[in-house]
Every structure is written in C-alpha cells, then in structure tokens.
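Below are the chains, spelled out letter by letter.
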Amino acid sequence: MMKKVLAGLGIFSLLVLGACGQGESATENGNDDVKTVGALQFVEHESLDDSYKGFVRGLEEEGFVDGDTVNIDYHNAQGSQDNLKSISEKLVKSEPDLLLGVTTVAGQSLLTATTDIPIVVTCVTDLQEAKLVKSYDEPGGNVTGTTNMSPVAKQIKLLLSIVPNAKKVGIMYNSGEINSKIQADLAVEALEKAGVEPVIRTVTSTNDVQQVSQTVADEVDGIYLPTDNTFASAKTLVGDVMKEKKVPLVAGAINDAKEAGIATIGINYEELGAQTGRMAAKILRGEATPAEMPVEESENLEFFVNEEMCEALGIDPASIKNPEE
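1. Let's talk about the overall build of the protein
Scanning the protein for helices and strands turns up twelve helices and eleven strands. Each principal axis of the C-alpha atoms in the protein carries an extent, and together these give about 80 × 40 × 35 Å. A total of 325 residues make up the protein; the buried ones form 50% of that total. Partitioning the contacts of the protein with sequence separation of at least 6, the portion at a separation of at least 24 is 72%. Here the protein displays about 15100 Å² of accessible surface, and carbon together with sulfur accounts for 48% of that area. Looking at charge distribution, the protein has the averaged site of its 26 positive side-chain charges lying 2 Å from that of its 51 negative ones.

Written out as structure tokens, the structure is:
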C-alpha cells in the first residue's frame, strides 16, 4: 500500500518505486498477491502448539511471512467436536488458498468440509488409516502432510532397558483416538515379542486420567504412553502419579516425557511443523498439489531423559542409554 510521499519526491517516481518493490516481493515468494491460510488445531497442549509454531516458521523460511506475504487465520477447537465442525465450515466459506489441520480429527473435519481446497495436516499418526489419503506415496486427493507416527518399537525397547525384569507393562490411551489405538497395537506387538504381558487401560476424557493412571501403576512394572491428546492435556497429573507410585513411564512424545515420563526417543514437534510448513509453501507457490505430494515422516528423532523424574524414582539418569546407539 502506498505511503504519503516525502517532500521533494514526485508521485510518478513513487509509483514506479512502489511497483518495483511489489514486483520484488512477488518474485521472491512466487506469488503476485498475499496468500491466505486457514488453520485448525483440535486442542491446546505443548506438542500441538509446538507443531503450529513450527508450521508458521516453516512458511516464513520459504518467504511466506504471516501478516505480510501470507495471512493465517488460526483457530483452536478446544477439544470440542462441535467446534471442529463449525470452525471447519467457517474456514472453508472464507475460501483460503490452503488449510492446515493439526491432529487427525482436525484434518478429517476439514476434509469433510471441502474436497477442493488444498489441505496439509500434521500430528496425524496414520493418514491412510484415517482416510485422509489413498496412499503415502500418492495421496490422490486434496490432502497431504506429515505423520507423527512414533518409533514405538524403539520406545518399548528403551522402556525394557530401564526395567529389564519387567513382567507386565501398562499402556494407557483414549479409546476414541484412532492415532493412539494404532500406537497401542504396535506397543502390544513389541511387548509380546519380548515376552512381556501388556496391560491395556483406556479413558474417554481427562476426567478419567488420574484414576486410570493410579490403577495401572499398581498393576505393572513400567508404563508406555503413546502420543494421545487426552493424556497430553493432563500429563502433569500422570507425572505426579508416576512419582508417587515410583513407576517408570516412557512417553511417545518428548513434551509428555518432560512432565510424565522418565525418558523417550521421540519427534521434535516444532521441527515436524516446520517440515509441514515447507510442504505448504510448495503448494502455495503452485509447485505441487496435495494429490501428488507424498506424505512425509519426521526428519529427525531425539533421545531425552527426564532427570527430575529419575531423581523422584531413585534412578541414576546416567544409567539410561539410548538402546539404538
């Protein structure tokens, strides 16, 4: 937009300069206008917040700066299915250039609202199982993105290295979250292969988390917690129970391990979000479409040990090693 001229500058010169400036911006970003992105996050917790933060950074790295070369309309459904539906419809009605869904249910809600507007998703464990894409290599529709599938087998291996004589290991998750069920099934497979009995307990809301955590902790030698939005929202409660019961827990996400767990090998969610942002930039520039853009996995994993939890459980943090190294 033109600014008022300084004394001594001619209007014609200003118009020329303004046009050149706009031309440079368009060239740098591959756009001739400001793009719009509608973003929908299911619930507020650290991993999802980090993912969205990373998404914004990833776009910025590609020249799409929020409030300048792109406008992002961000909404949080606060864990409500009703909010998901109404926000999705509102975002689609605004006809953005691209939509972002943070979590499986957010992506599914957006896809229900439109099969035309490009959608990228992140923090989705299995895009194909969730019917967001036809396949990872060839999504085939208007959705693509990044999966946050945890390295479950490696995490179970880590847990069993911490409690090598474990007979029973608990698995806790929300039975309504398909992403959690997928990881839980993989954990059961890894435990049974190692000759350890899995003890599965599920919840339907955060109201059940503390009681279920206490019950499971009394039954097992260690606990595995997949990436689960319900437990992530109440991870401090879980951590308090683990400290009280002296039970080691390995979490699917690093942010959950920081509060509730003793260690993990997990995804850096901000980096996963940035990876998703870079994918979105290619779509905004017209370099690719979701139908032909393969789903991507995390480009890096991190090993984390919670020293505070180690102290509470009487375990030497130096004794916890990455079994993959």
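2. Let's talk about the side chain of Asn142
Assignment of secondary structure puts Asn142 in the loop between strand E4 (119–124) and strand E5 (143–147). Asn142 sits in the buried class, given a relative accessible area of 8%. Only 2.9 Å separates the side chain of Asn142 from the backbone oxygen of Ile117, close enough to count as a polar contact. Excluding anything up to four places from it in sequence, Asn142 contacts Leu111, Thr114, Thr115, Asp116, Ile117, Pro118, Ile119 and Pro290.

Conventions we followed
- Residues numbered from 1 in each chain as written.
- Predicted model: local features only at pLDDT ≥ 70, side-chain atom pairs only at ≥ 80, totals over all residues.
- Heavy atoms only, no water.
- Helix = DSSP H or I, 4+ residues; strand = E, 2+ residues; numbered from the N terminus.
- Buried < 20%, exposed > 50% of the residue type's maximum accessible area, 1.4 Å probe, protein only.
- Contact = heavy atoms within 4.5 Å.
- Areas by Shrake-Rupley, 256 points an atom, 1.4 Å probe, with all protein chains shown as cover.
- Lys, Arg positive; Asp, Glu negative; His and termini not counted.
- Charge placed at Lys NZ, Arg CZ, Asp CG, Glu CD.
- Polar contact = N/O pair within 3.5 Å; in protein donor to acceptor, adjacent residues only side chain to side chain.

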